[in-house]
Amino acid sequence: MKKETEKRAAIAVTLLRKSLTQNLNDVKDVLDQFEEAHDVCERELSIHYGLLVSTQFGLEEIIEKIDNAVLK
């Protein structure tokens, strides 16, 4: 039973990392497009832009923590 739950947990972590990576790539794409379409002042005033920047850093941090935990 323990081995099966450990295997399922490992699969879940792998799937989670894949999903987070896809989300990160999507956020980066939107930020790139936003930066092309808006000047610095518009970006600084945009709530959505700020949220996406924060999300990008958060996702990068989570992915790094997963990678570090898996590599141990």
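Each remark here, short or long, concerns the structure printed above.
Residues numbered from 1 in each chain as written. Predicted model: local features only at pLDDT ≥ 70, side-chain atom pairs only at ≥ 80, totals over all residues. Heavy atoms only, no water.

### Let's talk about the environment of Leu-45
Phase 1: Looking at the element boundaries, Leu-45 is found in helix 2 (residues 40–45).
Phase 2: According to the relative accessible area criterion, Leu-45 is exposed, its value standing at 73%.
Phase 3: When the C-alpha positions of Leu-45 and Ala-69 are compared, they lie 37 Å apart, and in sequence the two are 24 residues distant. (Helix = DSSP H or I, 4+ residues; strand = E, 2+ residues; numbered from the N terminus. Buried < 20%, exposed > 50% of the residue type's maximum accessible area, 1.4 Å probe, protein only.)

### Examining the pattern of salt bridges
Phase 1: Under the defined criterion, the tally for this structure stands at three salt bridges.
Phase 2: A salt bridge links Asp-67 to Arg-17; its shortest N-O distance comes to 2.5 Å. Residue Asp-67 is located in helix 3 (residues 47–71), and its partner Arg-17 is located in helix 1 (residues 2–37); the two are separated by 50 residues in the primary sequence.
Phase 3: With a relative accessible area of 25%, Asp-67 lands in the partly exposed category.
Phase 4: The salt bridge partner of Glu-60 is Lys-28, with a shortest N-O separation of 3.8 Å. Residue Glu-60 is found in helix 3, and its partner Lys-28 is found in helix 1; the two are separated by 32 residues along the sequence.
Phase 5: Given the relative accessible area of 27%, Glu-60 is considered partly exposed. (Salt bridge = Lys/Arg side-chain N within 4 Å of Asp/Glu carboxyl O.)

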